[in-house]
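Coordinates in review
Each chain is listed here by its residues.
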Amino acid sequence: EKGGWPSFMAKEITEQPEAIANTVRGRIVGGTADGDGAADAAGGARVEIPELTELGDDTLRNIDRIVIIACGTASYAGQIGAYAIEQWARVPVEVQLSHEFRYRDPVLDERTAVISVSQSGETMDTLMAVKYAKDRGALSVSVCNTQSATIPRESDAAVYTHAGPEVAVASTKAFTAQIAALYLIGLHLGRVRGTLSDADAAAAIRAFDALPSAMAEAVETHEQIAQLAHWMADTRSVLFLGRHVGYPAALEGALKLKEIAYIHAEGFAAGELKHGPIALIDHGQPVFVLVPSPRKAPVMHSKVVSNIQEIRARGARVIAIVEKGDTAVLPYADDVIRLPLTDALFEPLVQVVPLQWFALELSTAKGLDVDQPRNLAKSVTVE
Ligand code: F6R
């Protein structure tokens, strides 16, 4: 059942191209090229999620605020999704941890949409937050990987991720599928609300089309990452830096490492370095840096390259995750992991893959149980 892989997590990492394709399928419609529509974005393809269409376009136009609620990895998917939804649908989006949301007396009304994100659809804190929001008249949309779980049943609409069953405790394919689903929601809302330009819609649809093969290429970093993890087996602390959508991706890289390799790890927004965390950097401190595309995000790229120079000057061991062909970081990086080109917003979907492999390989190098980490359960059904 592990398909020849030593762990479910390894199998699930490799299943991501398919998980994304399955999540997108049937939700990009109307292109001229083929049934999937994605191949010819300029030919009139559009994102349409039937479950959102059923809510009525007026309901979607009426939304003036979105709150994404989730826990753990799902909350990082939510943070990444928030950038895209704001950009395409021009609605303010905030992301809150479910267990914090409920106890802060949040401001909610019928113009607020609450989007919950949950792989299992059973996380008690998220379920309680959804019920709370519903009681106060908010619209509730569930992004969930488990058909007919409690959270989607309690919601006004369910947008399923079709990642397939996720067995390993550490979430991988559900995470990237959650990002894809949130992006589709952003594109659907942007279209209905008239805030999404044709050019942006076409670019996003093309990016979705290219994503499965880009992710397959990211999966192939496995061997390189395994070697890196091998020499790092005694590492006691690892830092992760990112900007913009790379920031929550850095948080996710750190969480994976804590969960299955029991190593102290932290993710930071690269811009935050000089406000404190740079004091942690001393000789040999490993730091993964998610470097934005120099073509698609030149300003972010140059800022991250300066951050790399700053930490390198203080002795950090820099592991740079870059777009293929980006040579700007080469003089300052100890290791370079090259990934295929993609649109700026889509980068976390490929950048997170080597981080998932790294956690898995470090856990393996330490002789730990990758799929069943101590103290953790797949689904947290108590508060
Ligand atoms: C991380 C992980 C947890 C879950 C969190 C939410 O690898 O598995 O952080 O993401 O417990 O679970 P769901 O998505 O089922 O609500």
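Bear in mind that the values here come from a model prediction, so they are computed numbers and not experimental data.

Calculation notes
- Residues numbered from 1 in each chain as written.
- Predicted model: local features only at pLDDT ≥ 70, side-chain atom pairs only at ≥ 80, totals over all residues.
- Heavy atoms only, no water.
- Helix = DSSP H or I, 4+ residues; strand = E, 2+ residues; numbered from the N terminus.
- Buried < 20%, exposed > 50% of the residue type's maximum accessible area, 1.4 Å probe, protein only.
- Contact = heavy atoms within 4.5 Å.
- Lys, Arg positive; Asp, Glu negative; His and termini not counted.
- Charge placed at Lys NZ, Arg CZ, Asp CG, Glu CD.
- Pairing = 2+ DSSP bridges.
- Axes fitted to C-alpha atoms, helices over the stretch in contact; angles between N-to-C directions.
- 1 Å grid on protein atoms, 1.4 Å probe; cavity = no way out; pocket = protein on both sides within 12 Å on 5 of 7 lines; lining within 4 Å.
- Points joined across faces, edges and corners; volume = space filled by probe spheres on them.
- Nonpolar A, V, L, I, M, F, W, Y, C, P; charged D, E, K, R; others polar.
- Disulfide = S-S within 2.5 Å.
- Salt bridge = Lys/Arg side-chain N within 4 Å of Asp/Glu carboxyl O.
- Phe/Tyr/Trp six-rings, centres within 6.5 Å; stacked < 30°, edge-to-face > 60°.
- pLDDT = per-residue confidence, 0-100.
- Polar contact = N/O pair within 3.5 Å; in protein donor to acceptor, adjacent residues only side chain to side chain.

1. What to know about the overall build of the chain
Along its length, the chain carries 14 helices and 12 strands. Taken along the three principal axes of its C-alpha coordinates, the chain extends 55 × 45 × 45 Å. Residues classed as buried in the chain amount to 58% of the 383 residues present. In the chain, of all internal contacts separated by at least 6 residues, the share reaching a separation of at least 24 is 74%. Within the chain, one finds 35 positive and 48 negative side-chain charges whose respective centroids are separated by 3 Å.

2. What about the environment of Val93?
Along the polypeptide, Val93 turns up in strand E4 (residues 93-97). For the pair Val93 and Ala113, spaced 20 residues apart in sequence, the C-alpha separation works out to 9.4 Å. Setting aside residues no more than four positions away along its own chain, Val93 makes contact with Ile66, Ile68, Ala82, Ile85 and Glu86.

3. Thoughts on the environment of Ala163
Mapping Ala163 onto the fold places it in the loop between strand E7 (157-160) and helix H9 (173-193). Taking relative accessible area as the criterion, Ala163 reaches 8% and is therefore assigned buried. Distance in space between the C-alpha atoms of Ala163 and His275 is 38 Å, their sequence separation being 112 residues.

4. Notes on the sheet that holds strand E3 (residues 65-70)
The pairing of strands in a sheet happens through backbone hydrogen bonds and is either parallel or antiparallel. On the basis of which strands lie adjacent, the open sheet formed by 5 strands has the order E4-E3-E5-E6-E7 and parallel pairing. Pairing within the sheet leaves two strands with one partner each, and these edge strands are E4 and E7. Strand after strand, the sheet turns through a mean of 20° between neighbouring axes, direction not considered. With 4 bridges connecting them, strand E6 (residues 139-144) and E7 associate as parallel partners. Pairing of Val143 across the sheet is with Val159, part of E7.

5. So, the sheet that holds strand E8 (residues 237-242)
Strand order in the open sheet formed by 5 strands is E9-E8-E10-E11-E12, and the pairing between neighbours is parallel. Here the strands that pair on one side only, and so sit at the sheet edges, are strand E9 (264-269) and strand E12 (335-339). Neighbour to neighbour, the strand axes of the sheet diverge by 20° on average, direction disregarded.

6. Looking at the layout of surface pockets
Leftover empty space is mapped by rolling, across the atoms, a probe with the size of a water molecule. In this structure, the largest pocket spans a volume of roughly 510 Å³. Lining the largest pocket are 23 residues, and of these Cys71, Gly72, Thr73, Lys378 and Val380 sit closest to its centre. At the level of elements, helix H5 (72-89), strand E5 (112-118), helix H7 (124-135) and helix H12 (246-261) are the ones that each hand at least two residues to the lining of the largest pocket. The residue makeup of the lining of the largest pocket, split by class, is 8 nonpolar, 10 polar and 5 charged.

7. As for the state of the cysteines
Going through the model one piece at a time under the given rule, you end up with 0 disulfides. Between Cys71, a free cysteine, and Cys144, which holds the nearest cysteine sulfur, the sulfur-to-sulfur gap is 13 Å.

8. Observations concerning the pattern of salt bridges
According to the stated counting rule, one finds 20 salt bridges in the structure shown. Close ionic contact of Arg312 with Asp334 constitutes a salt bridge, the shortest N to O distance being 3.2 Å. A residue pair is termed long-range when its members are at least 10 positions apart, and Arg312 in helix H13 (residues 298-313) and Asp334 in the loop between strand E11 (317-323) and E12 qualify at 22 residues. With relative accessibility at 34%, the residue Asp334 sits in the partly exposed group. By sharing partners, the salt bridges in this structure join Lys11, Glu15 and Lys173 into a single network.

9. Focus: unusual backbone geometry
For Asp105, which is not a glycine, the phi torsion comes out positive at approximately 55°. Here Asp105 is to be found in the loop between helix H6 (98-101) and E5. With relative accessibility at 60%, the residue Asp105 sits in the exposed group.

10. A short note on the packing of aromatic side chains
In this structure the tally under the stated criterion is 7 aromatic pairs. Between Tyr183 and Phe346 the ring centres are 5.2 Å apart and the planes differ by 90°, which places this aromatic pair in the edge-to-face class. Pair noted here: Tyr183 is in helix H9 and Phe346 is in the loop between E12 and helix H14 (347-365), with a separation of 163 residues, a long-range link. Judged by its relative accessible area of 1%, Phe346 falls in the buried class. Look at Phe208 and Phe346: their rings are 5.1 Å apart centre to centre, the planes differ by 85°, and that puts the pair in the edge-to-face class. Here Phe346 lies in the loop between E12 and H14 and Phe208 lies in helix H10 (residues 198-219), a separation of 138 residues in the sequence. For the residue pair Phe208 and Phe346, the accessibility class agrees, reading buried in each case. Put simply, the rings of Trp88, Tyr183, Phe208 and Phe346 touch in pairs and so form one group of aromatic residues.

11. Quick word on the confidence of the model for the chain
Summary statistics for the chain give a mean pLDDT of 95 and a share of 97% for residues scoring 70 or more. In the model, residues 37-42 has pLDDT below 50 throughout and makes 16 contacts with residues more than four positions away in sequence or in other chains. With a pTM of 0.96, the predicted complex shows an ipTM of 0.98.

12. Looking at the side chain of Glu323
Note that Glu323 resides in strand E11. When its relative accessible area of 4% is taken as the criterion, Glu323 is described as buried. Of note is the side chain of Glu323, whose polar atom sits 3.0 Å from the side chain of Arg295. Residues contacting Glu323, with those up to four places away along its chain left out, are Ser293, Pro294, Arg295, Leu339, Leu341, Thr342 and Glu347.

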